[in-house]
Amino acid sequence: MTDKTDLAPEFAITRWFNTPAPLKLENLRGRIVILHAFQMLCPGCVAHGTPQAEKLHRLLHGNDDVAVIGLHTVFEHHEAMTPVSLEAFIHEYRLTMPIGVDQAGDGTPIPITMQRYGMRGTPTTIIIDRTGRIRHHGFGQDDDLALGLRIGALLAESNMKAGSSPDDGCASGACTIPEAAN
């Protein structure tokens, strides 16, 4: 059981795009969450991070084991990066993943979710496991293959913990091909 102090902090979002209802981290428990923090004027985000997150979202769309979420976390050029500008950006780049606008910090240019997660800038990729613990906190460009391996390892880890039953052909660390497939 995960200690509550180990849990990833809840998001502080002022507006959501591409989702019918606000997303809460506590409601995503049981799923692996890939959180992509970006700014629409960040060259690394536009060139690599946001397209990577969108591709992950499209590849995993409909998969109940993984959720990909964008976080627009503005810590500079606040006047230029408004929700209205973000809406145009989402449309122009054809982004379909849910995207939340990070709540402005109180007396600081650093938004609240960015502070809670200790982000150093954008792009940032955070992977939260099914129990709500942060398992990866990457700043800058994450390699596609390395990110895929991290996600795959978490999917396999949760499947191994769930255990295998003899009915599915898996036991003692090995799986046999089902009779119907032969």
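Quick note: structure is the one above.
Keep in mind that what you see is a predicted model, and the values were worked out from it rather than measured.

Caption draft 1: Region of the structure containing the overall build of the chain. Assigned secondary structure in the chain consists of four helices and eight strands. What you see in the chain, going N to C, is helices and strands ordered as β-β-α-β-α-β-α-β-β-α-β-β. Considering the chain as a whole, with its 182 residues, one finds that 41% of them fall into the buried category. Pairs at least 24 residues apart make up 70% of the contacts formed inside the chain by residues separated by at least 6 positions. Taken as a whole, the chain presents about 10,300 Å² of accessible surface, with 54% of it coming from carbon and sulfur.

Caption draft 2: Local environment of the packing of aromatic side chains. Applying the stated criterion to the full structure yields two aromatic pairs. Summarising the aromatic geometry, the rings of Phe 38 and Phe 89 are spaced 6.2 Å apart at their centres and angled 25° between planes, so their arrangement reads as stacked. Placement of Phe 38 in strand E2 (residues 32-38) and of Phe 89 in helix H2 (residues 83-92) is noted, with a sequence separation of 51 residues between them. Exposure remark for Phe 38: the relative accessible area of 0% places this residue in the buried category. Residues Phe 89 and Tyr 93 carry aromatic rings whose centres are separated by 4.5 Å and whose planes lie at 40° to one another, so their mutual orientation is tilted.

Caption draft 3: A look at the layout of surface pockets. By volume, the largest pocket is sized at about 270 Å³. Around the largest pocket sit 16 residues that line it, and Arg 31, His 57, His 61, Ala 67 and Pro 98 are the ones nearest its centre. Of all the elements in the fold, those that place two or more residues in the lining of the largest pocket are helix H1 (43-60) and strand E3 (66-72). By residue number, the principal contributor to the lining of the largest pocket is E3, which donates four residues.

Caption draft 4: Spotlight on the side chain of Thr 113. Tracing the chain through its elements places Thr 113 in helix H3 (residues 112-117). Residue Thr 113 is classed as buried on the basis of its relative accessible area, which comes to 0%. Polar side-chain contacts of Thr 113 include one of 2.8 Å to the side chain of Asp 102.

Caption draft 5: Focus on the sheet that holds strand E5 (residues 124-128). On the basis of which strands lie adjacent, the open sheet formed by six strands has the order E1-E4-E3-E2-E5-E6 and mixed pairing. The sheet is open, and its two edges are formed by strand E1 (13-17) and strand E6 (134-139), each paired on a single side. Averaged over all adjacent pairs, the angle separating strand axes in this sheet is 20°, with direction ignored. In this sheet, E5 lies alongside E2 in antiparallel orientation, the contact comprising five bridges.

Caption draft 6: Structural view of the nonpolar core. Ile 34, Val 66, Val 68, Leu 86, Ile 99 and Ile 151 are the most contacted members of the largest nonpolar core, which has 26 residues in total. Among the elements of the structure, E2, H1, E3, H2, strand E4 (99-102) and helix H4 (144-162) are those that each provide at least two residues to this core. If sequence neighbours within four positions are ignored, Ile 151 has contacts with Ile 32, Ile 34, Leu 56, Val 66 and Ile 127.

Caption draft 7: Quick look at H2. Taken together, the buried positions of H2 are occupied by Leu 86, Phe 89 and Ile 90. Buried residues of H2 fall within an arc of 100° about the axis and therefore sit on the same side. The exposed residues of H2 that point more than 90 degrees off its buried face are Val 84, His 91 and Glu 92. Arg 94 sits one or two residues past H2 and shows a positive phi near 55°.

Calculation criteria
- Residues numbered from 1 in each chain as written.
- Predicted model: local features only at pLDDT ≥ 70, side-chain atom pairs only at ≥ 80, totals over all residues.
- Heavy atoms only, no water.
- Helix = DSSP H or I, 4+ residues; strand = E, 2+ residues; numbered from the N terminus.
- Buried < 20%, exposed > 50% of the residue type's maximum accessible area, 1.4 Å probe, protein only.
- Contact = heavy atoms within 4.5 Å.
- Areas by Shrake-Rupley, 256 points an atom, 1.4 Å probe, with all protein chains shown as cover.
- Phe/Tyr/Trp six-rings, centres within 6.5 Å; stacked < 30°, edge-to-face > 60°.
- 1 Å grid on protein atoms, 1.4 Å probe; cavity = no way out; pocket = protein on both sides within 12 Å on 5 of 7 lines; lining within 4 Å.
- Points joined across faces, edges and corners; volume = space filled by probe spheres on them.
- Polar contact = N/O pair within 3.5 Å; in protein donor to acceptor, adjacent residues only side chain to side chain.
- Pairing = 2+ DSSP bridges.
- Axes fitted to C-alpha atoms, helices over the stretch in contact; angles between N-to-C directions.
- Core = buried A, V, L, I, M, F, W, Y, C linked by side-chain atoms within 4.5 Å.
- Arc of directions from axis to C-beta.

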